[in-house]
Amino acid sequence: MKVDLHCHSLMSDGVLTPAQVAARAHDNGVGLWALTDHDELAGLKEARETARALGMQYVTGVEISVTWAGHTVHIVGLNLNEHDKALNAGLADIRGGRAIRARKMADRLASLGIPDSYEGALPFAGNPDLISRTHFARFLVEQGYCKTMQDVFNKYLADGKPGYVPVHWSTLEQAVGWITGAGGRAVIAHPGRYLYTPMQFDALFEQFKDLGGEGIEVVTGSHTPDQYSEYARVAKRFGFLASAGSDFHSPKEGKLDLGGIPPLPAGLTPVWHDWL
Ligand code: AMP
Ligand code: MN
Ligand code: MN
Ligand code: MN
């Protein structure tokens, strides 16, 4: 059975409605699915109802923005109670910082010769509470400043580039605490994307485990096949459950479509092992 436990709708920085994402996952043969919008649970009711109507197994999901050792880490929460108070309050707090950060990002871009990007990015945000770098990137591509989203991040918006605004998201402790407090399972998203030293990676994995984190994404649209093997070894070394997700945002962006991920490498315990 195909599993996809990481993707986005227009409630964060995807382009399809939760129902459209569910239908596309189902069309692509996904049998177990989670919608994991950034810092936002508003799409989950529609996701669950559509998945149920299609006969697709569904678990609740979210992708929480965390700042750890000065860089952003994403923690996916799965199979949690979406009505949990502390979780909802924590995510509302994170979302609150996004509008201010977006204004600052627009100021930086203006100083780099790209005026009015806040106003330009806003129509791309399906959820005005959740304006993200992705929406700015779509605007810059639309306006012809860059050819691809990847070019925008490489030139302007990736961590440390001239349009990047440093931001303090939640702490690792908060994010894992909200997820486990809501009865869910915390998973480190796309570890291959983080620019930490080997020592920092080990410290991240150890701290995450000490806090009650259980899983790590091994197969994701952000990893190369070599990284599937690398993070399979990490999962075994730290005793993590293994997760898999496309990180689908849009039919026109990204490497992988919904359900387009290969199976987990052998010898791992899937994060969904006791959910089916
Ligand atoms: P934000 O939460 O506003 O910091 O935006 C982060 C989002 O930007 C991620 O979830 C990705 O969707 C997107 N993103 C980050 N880095 C890249 C990249 N190098 N190429 C394309 N999209 C990226
Ligand atoms: Mn995203
Ligand atoms: Mn992510
Ligand atoms: Mn994601």
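Please refer to the structure higher up on the page.
Enquirer: Before we move on, can you summarise the coordination of the manganese ion (ligand 2) with the specific residues and values?
Expert: For the manganese ion (ligand 2), the protein coordination sphere consists of Asp13 (OD), His38 (NE2) and His249 (NE2), at 2.1 to 2.2 Å. In terms of primary sequence, the donors binding the manganese ion (ligand 2) are separated according to D-x24-H-x210-H.

Enquirer: So what's going on with the pattern of salt bridges? Residues and values would help.
Expert: Two side chains bearing opposite charge may form a pair once their charged atoms approach each other closely. Using the criterion set out here, one finds 10 salt bridges in the structure. A salt bridge links Arg24 to Asp257; the shortest N-O distance between them is 2.9 Å. Residue Arg24 is located in helix H1 (residues 18-27), and its partner Asp257 is located in the segment after strand S8 (241-245); the two are separated by 233 residues in the primary sequence. Residue classification places Arg24 among the partly exposed residues on the basis of a relative accessible area of 26%. Of the charged contacts in the structure, one is a salt bridge between Asp274 and Arg185, with a shortest N-O distance of 2.8 Å. Here Asp274 is found in the segment after S8, whereas its partner Arg185 is found in strand S6 (residues 185-188), with 89 residues between them in sequence. Given the relative accessible area of 11%, Arg185 is considered buried. One salt-bridge network, in which partners are shared between bridges, spans Arg185, Glu214 and Asp274.

Cut-offs applied
Residues numbered from 1 in each chain as written. Chains lettered and ligands numbered in written order. Predicted model: local features only at pLDDT ≥ 70, side-chain atom pairs only at ≥ 80, totals over all residues. Heavy atoms only, no water. Donors = N, O, S within 2.8 Å, 3.2 Å for Na, K, Ca; no water. Salt bridge = Lys/Arg side-chain N within 4 Å of Asp/Glu carboxyl O. Helix = DSSP H or I, 4+ residues; strand = E, 2+ residues; numbered from the N terminus. Buried < 20%, exposed > 50% of the residue type's maximum accessible area, 1.4 Å probe, protein only.

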